[in-house]
Amino acid sequence: MKAHDGMYIDGAWRPADGRDAIDVVNPVDEQVIGRVPAGTALDVDTAVRAARAALPGWAATPPAERAARLAALRDVLVARKDEVAETVTAELGSPLKFSQAVHAAAPIAVAGSYAELTATYAFEEKVGNSVVHHEPVGVVGAITPWNYPLHQIVAKVAPALAAGCTVVLKPAEDTPLTAQLFAEAVHEAGVPAGVFNLVTGLGPVAGQALAEHPGVDLVSFTGSTAVGRRIGALAGAAVKNVALELGGKSANVILPSADLAKAVNVGVANVMSNSGQTCSAWTRMLVHRDQYDEAVALAAEAAAKYGDRIGPVVNAKQRERVRGYIEKGVAEGARIVAGGPEAPQEQGYFVSPTVLADVTEDMTVAQEEIFGPVLSVLRYEDEEDALRIANGTVYGLAGAVWAGEEAEAVAFARRMETGQVDINGGRFNPLAPFGGYKQSGVGRELGAHGLTEYLQTKSLQF
Ligand code: NAD
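Residues numbered from 1 in each chain as written. Predicted model: local features only at pLDDT ≥ 70, side-chain atom pairs only at ≥ 80, totals over all residues. Heavy atoms only, no water.

By the naming in an unreviewed UniProt entry, the chain is Aldehyde dehydrogenase, taken from Streptomyces parvulus.

Printed below as a string of structure tokens:
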């Protein structure tokens, strides 16, 4: 794992404009493991100019050639998967096994899916007396978070390149080494100079400069709702395309006919994985009042098993934020049945896997995104009550429904105001559209739906 001290712009590592740097810290032992340059508005401008210059050539490249570059990118990610896993573990703190199984593997699946899709997608279609061409939107400014450092990057860059767009990426401050490794992979895959560019730096400086740059045609942002709102406003003022993947507060609805133990165990695992730092995590478990006590006991037992199996959260600020939420939950009447706000160990940004019982829908912990290993268990009276609680937040990113019969779960899921629902523990699908209803975002990522975000149509009439 090597930290570059420059920016990857126009096919090469170039010296940064300024001298400021960002320390990368390992959240397990709090040691500095690398240093990357903090980009300035000038770095961003240089990168956007390179992306603009490369756009006509890349946009005109036949889809088969773009597919070949994406296949080569997937192959590099396969060849370097151990390095990816080690890098994510070093800067995010996730256990190595999880980094291998998820942080390194998911981007391979997504890059591979776009290699296939690019080769087969109808970039031209006939509609009556028209031929509709699906053309690239242009230069993409991609801004990504730290929680799934490589997946979030690939979920933007792969469809953008597939569409014929060129990209400037500003990755999260906490996980820039994974982004640098990705830039090396793009280079190795033979993607032409200027098609992909990387500027590391602070959100309010480099991120903001990218979002504001007049040479950017589409801003694709994943992160908090607070920053997303600002980026949406900037894009609106400039009449620019924007895609926002924001926060979530998803419900895991366990209907009375469900296999309770399975639903609770999978639900706890879903929240604790990646130390709760998953935007689509089912952080509200909704249980019928007759099964409530049993579900709480099962959840507490399952969470206790995670004790030393999860990694820390990403940084000290996040740890304090998560602890603060647990304390606030207790102050508002919730009952801790596993974990708690105390630090489980001296060193590292660890938070104990925590389950809060007696949570009611009006409490802060039932409404706001915590982004840590904290599950809230809520009680419902009947199905209508469950639906009202499930839909009763500003978010709508994901969710789960469990029932004895699949059809019963599907009928409930159809009434949920959310972008994805897992039925009886359904598996992750890298081709299924991912994105939010309500304040969870605008636009979709992954699969064919993710590709269309980077395309605009031109109709020719005959
Ligand atoms: P964040 O919004 O603070 O940062 C995300 C990115 O935006 C980073 O690269 C950051 O540097 C940049 N940024 C910060 N301020 C900026 C500004 N003023 N202008 C431009 N860019 C700026 O979020 P975070 O703490 O890194 O990530 C956690 C959040 O991301 C959570 O709310 C989580 O739910 C959300 N998230 C959503 C999804 C999704 O797909 N919906 C996926 C992962 C994370």
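This brings us to the domain arrangement of the chain. Here the domain parsing of the chain yields domain 1 (6-246 + 439-461) and domain 2 (251-429). The partner domain 2 presents 25 residues to the 24 residues of domain 1 that form the contact. Of the roughly 1,900 Å² buried where domain 1 meets domain 2, counting both sides, 56% is carbon and sulfur surface. The largest share of the area that domain 1 buries against domain 2 comes from Glu30, Trp146 and Ser440, three residues that together contribute 25% of it. (Domains from an automatic or database assignment. Contact = heavy atoms within 4.5 Å. Buried area = accessible area lost by both parts, 1.4 Å probe.)

Right, let's get into the site of the ligand. In the region of the ligand, 28 residues are neighbours, and Lys170, Glu173, Ser224, Leu246 and Glu369 sit closest. Between the ligand and the protein, one listed contact pairs a nitrogen atom with a side-chain N or O atom of Gln208 at 3.3 Å. The backbone of Leu246 places a nitrogen or oxygen atom 2.6 Å from a nitrogen atom of the ligand. Every element with two or more residues in the shell around the ligand is listed here: α7 (203-212), β10 (218-222) and α8 (225-238). In terms of residues, the shell around the ligand owes the most to one element, α7, which gives four residues. Looking at the shell around the ligand residue by residue, the classes come out as 14 nonpolar, ten polar and four charged. Residue assignment places the shell around the ligand across two domains, with domain 1 (6-246 + 439-461) and domain 2 (251-429) each supplying three or more. (Near = heavy atom within 4 Å. Polar contact = N/O pair within 3.5 Å; in protein donor to acceptor, adjacent residues only side chain to side chain. Helix = DSSP H or I, 4+ residues; strand = E, 2+ residues; numbered from the N terminus. Nonpolar A, V, L, I, M, F, W, Y, C, P; charged D, E, K, R; others polar.)

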